[in-house]
Protein chains: 2
Amino acid sequence: MKIAEVEFHYLADDVIRDIGDGSQDALLVHVTMDDGSEGWGECEAAPLVSIAAWCCPMSHLACKPLKASVLGFEIKEPKDIYALTEKVRRNSFDLLQADHTLSGIDMALWDMLGHKLGEPVWKLLGYKRAFPKTAYASQLFGDTPQQTYEKAVRSRQEGFRAAKFGWGPFGLGSVQEDWQHVEAAREGLGNDLALMVDAGTVWGNNVARATAIIPKLLECKVVWLEEPFASGALKAYAELARSFGCEKLLAAGEGSHNPDMACNLMDFGKLGFIQIDTGRIGGISSAKQVADYAAQIGTTYVNHTFTTSLALSASIQPFAGLENSPWCEFPVESAPPARLLTKARILPDANGEVRLPDAPGLGVDINPETIARYGRKVEIRYEENTIWSTK
Amino acid sequence: MKIAEVEFHYLADDVIRDIGDGSQDALLVHVTMDDGSEGWGECEAAPLVSIAAWCCPMSHLACKPLKASVLGFEIKEPKDIYALTEKVRRNSFDLLQADHTLSGIDMALWDMLGHKLGEPVWKLLGYKRAFPKTAYASQLFGDTPQQTYEKAVRSRQEGFRAAKFGWGPFGLGSVQEDWQHVEAAREGLGNDLALMVDAGTVWGNNVARATAIIPKLLECKVVWLEEPFASGALKAYAELARSFGCEKLLAAGEGSHNPDMACNLMDFGKLGFIQIDTGRIGGISSAKQVADYAAQIGTTYVNHTFTTSLALSASIQPFAGLENSPWCEFPVESAPPARLLTKARILPDANGEVRLPDAPGLGVDINPETIARYGRKVEIRYEENTIWSTK
């Protein structure tokens, strides 16, 4: 069967706030095959730009719109989806946004193939089992240590076994203020819950500033320090990783938009944890390549997910079968378009664990009412032609 | 003075062919300050997608359109342009295309500031002198070794002291066929001209396939082998660089869309030559950062340019003062929109050397007739609003 149509749905909340919450909009991808099979996927961030990457005119041989590679491509089995990734990367490697657009398309194809074959995606990826993952409540730091403390208490009350705090004021003020936030988080969680800290790349490549927070992180038994530096600052990661007491403490990778970038962070940045956003790295095919490599070299794989249950399912499938990668990012502060996207949500159980749906494909059903309510119209015209228009 | 307006001009040839010629379209950027000062820049490839990155709605704190950071930003001196780069990268780091859009805006700001202060850009960058660069005629391999031979003869006749061949059939067939092309190029150039070979990432991360061509490259006294692998395949680069006779032979970097990526290629990929496209890496500010680092660690900096005299000037300025980086990519097969963009073209002199124009800013004048002839209309609508429209 061949790819017959790719539809994009741009969802956005009524007001987009200037905060680090990536769930305020979404770009849904719906793929239909020529035999009527269908599947859903999701691209992370900047929906309009990713739509433009689908429909733009060709610039040259290695800068083609996604549609040039995707429409009409034949998909019979998993290896065909991997082959499409190769084709898109070859045809569009000078089109920077291409990897983000590819991500949602690739997800939708795995979902489609799973439904077609009656299997969950993790089985198609070759795993024998899908291990439950311990969900960590992923949230922003409070504006004050007191607010951070209250958020931590709430995560504990909600039954989470782990929580991560990030962004907000962290790293922008003094080291002392950062310490207070980390202490407040640990106090609110109690001693038995796992705590992770996300610096959101705030220190650029300033190793000294990052080093100053390490003693407090170790004292508060933080599982990892995430993104102290920009995604590509490999030397800074390596230097911090080599400092005393810091082995295996660093996590990063969400900015990777192809497997090479993630592998470089592991090989040269000496991470303990590699975090992959399936909506950015090129989709499930690319994420699985990273998971395979992480398992091979003993780095712990973690999903990066801050949006919908669709994105959550797609982000867990690539490492579902890795027993030694036990954590799962679980967004707890999602905005309405993300929270309401699927008919049922994937939620942690009473043990604070997330299990993938026992259903074909990605195992989630899209709620058409949410698309109708939050869907936004886009139209792109080139010369005298409409090259994209929301239906 | 503050940035008052940013205008984009999407130029494209009447027919875009499916070949590796990046000069078939262009995205020109025209910046106007609130005191009337103005400047021109150019983004590499996928013009429509880069325009979308300028005008799209915000997704969240770290995924804003470029216009949110750029409009109203105050520029008085060079350090302000660097500060704008920082701001854009912080505000748009989840918007993958942002770096390409930033590239043209940054160039235009340096051009503007140079005109305002009556200085060429290389002086504003802190260089005392602009050294002439030896132009290499940058072109595609012929379809057959005979055609490659004829192209090489032509480059010699045109007075070039160096030529680079890339893409076309190279690397796609047998090693034997690749050898024939390299031999034909050397024969056509004669023994006294420099020869470079560009594999155009054709071997992905296949070190063995790349290794097979090395003996012939050494026999034919090739200056460098460019992009045997994908931009981010650092381990493959490092492995090939370590092989016998291959030290300092490898060149890459054109795909870098921020300085970290380029520095990683030097630090971990062990390149001899780092090639930067000022239209992709984030503009002149980012390119200069790479040039500084290359000079510091003894890697040779080379521009990557395949389009206009505007792009050529902008790509030479960042390494104009580096005497030990003597090569300059010079596109010899540009399509009409690129060839006709500027009133005068920057051309090699009788010694085959390129000199930057002795004039303020980037030193080139845009030809309005070319914009009128090859300019393409774009309109982007979001909900009920036109968020971009070509004037």
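Criteria and cut-off values
Residues numbered from 1 in each chain as written. Chains lettered and ligands numbered in written order. Predicted model: local features only at pLDDT ≥ 70, side-chain atom pairs only at ≥ 80, totals over all residues. Least-squares fit on C-alpha atoms with pLDDT ≥ 70 in both. Pairing = 2+ DSSP bridges. Helix = DSSP H or I, 4+ residues; strand = E, 2+ residues; numbered from the N terminus. Contact = placed C-beta atoms within 7 Å. Axes fitted to C-alpha atoms, helices over the stretch in contact; angles between N-to-C directions. Domains from an automatic or database assignment. Nonpolar A, V, L, I, M, F, W, Y, C, P; charged D, E, K, R; others polar. Buried ≥ 20, exposed ≤ 12 C-beta atoms within 10 Å, placed from the backbone. Parallel < 35°, antiparallel > 145°, perpendicular 65-115°, else oblique. Left-handed = near helix turned anticlockwise from the far one by under 90°. Core = buried A, V, L, I, M, F, W, Y, C linked by C-beta atoms within 7 Å.

Colleague: Which parts of the structure should I look at to understand the relation of the copies chain A and chain B?
Modeller: A rotation about an axis combined with a shift along that same axis relates the two copies of the chain. If you rotate chain A by 180° and push it 0.0 Å along the axis, it lands on chain B with an RMSD of 0.0 Å. A rotation of that kind, with that shift, is consistent with a two-fold axis.

Colleague: Sorry, what's going on with the sheet that holds strand β2 (residues 25-33) of chain A here?
Modeller: Working definition: the strands of a sheet are paired by backbone hydrogen bonds and lie parallel or antiparallel to each other. All names here are of chain A. With antiparallel pairing, the 4 strands of this open sheet are ordered in space as β3-β2-β1-β13. Here the strands that pair on one side only, and so sit at the sheet edges, are β3 (38-43) and β13 (375-376). Note: strand β1 (residues 3-12) against β2, 9 bridges, orientation antiparallel. Paired with L11 across the bridge in β2 is A26. The strands that helix α1 (residues 47-55) touches are β1, β2 and β3; relative to β1, the one it contacts most, it runs at about 160°. Strands β1, β2 and β3 of the sheet are contacted by helix α4 (residues 98-117), whose axis makes an angle of about 150° with β3.

Colleague: Even after reading the chapter, I still don't get the domain arrangement of chain A, so can you show me in this structure?
Modeller: All names here are of chain A. When its domains are assigned, chain A resolves into domain 1 (3-118 + 368-389) and domain 2 (124-354). Domain 1 and domain 2 are separated by 26 Å when their C-alpha centres are compared. Sorting the residues of the side of domain 1 that touches domain 2 by element identifies β1, β2, β3, α3 (78-91), α4 and α15 (368-374) as the ones contributing at least two each. For the side of domain 1 that touches domain 2, the leading source of residues is α4, giving 12 residues. Taken together, the residues that form the side of domain 1 that touches domain 2 break down as 15 nonpolar, 11 polar and 7 charged.

Colleague: Mind showing me how you'd approach the pairing of β3 of chain A here?
Modeller: Across a regular strand the side chains alternate sides, sitting on one face of the sheet and then on the other. Residues and elements named next belong to chain A. Counting buried residues along β3, 5 of its 6 residues qualify, which places the element largely inside the surrounding structure. As paired elements, β2 and β3 share 6 bridges and run antiparallel to each other. Pairing of T32 across the sheet is with E38, part of β3. The loop that links β2 with its antiparallel partner β3 comprises 4 residues; one of these, G36, has a positive phi angle of about 95°.

Colleague: In this structure, what is going on with the interface of chain A and chain B? I would like to understand it.
Modeller: Interfaces are often sized by the accessible area lost when the parts come together. The partner chain B presents 51 residues to the 51 residues of chain A that form the contact. For the side of chain A that touches chain B, the secondary-structure elements that each account for two or more residues are α1, α4, α10 (234-242), α11 (259-267) and β14 (378-382) of chain A. Of the residues belonging to the side of chain A that touches chain B, the class tally is 26 nonpolar, 12 polar and 13 charged.

Colleague: In this structure, what is going on with the packing of α3 of chain A against α4 of chain A? I would like to understand it.
Modeller: Geometry of a packed helix pair, given as the angle between the helix axes and the separation of the axes. Residues and elements named next belong to chain A. Remark: α3 packs on α4, axes separated minimally by 10 Å, with the N-to-C direction vectors making an angle of 170°. Classified by the angle between their axes, α3 and α4 sit roughly antiparallel to one another. In the crossing of α3 with α4, the sense of the turn from one axis to the other is right-handed. For the pair α3 and α4, contact is made by P78, I81, T85 and V88 and by A98, L102, D106, L109, W110 and L113, respectively. In the contact of α3 with α4, the residues fall into 8 nonpolar, 1 polar and 1 charged.

Colleague: Help me understand the nonpolar core, please; the structure alone is not making it clear to me.
Modeller: One broad trend across soluble globular proteins is that nonpolar side chains are buried collectively. In terms of nonpolar packing, the biggest core is built from 265 residues, with A52 of chain A together with A52 of chain B touching the most fellow members. For A52 of chain A, the residues in contact, after removing those within four places along its chain, are I380 of chain A together with L48, V49 and A52 of chain B.

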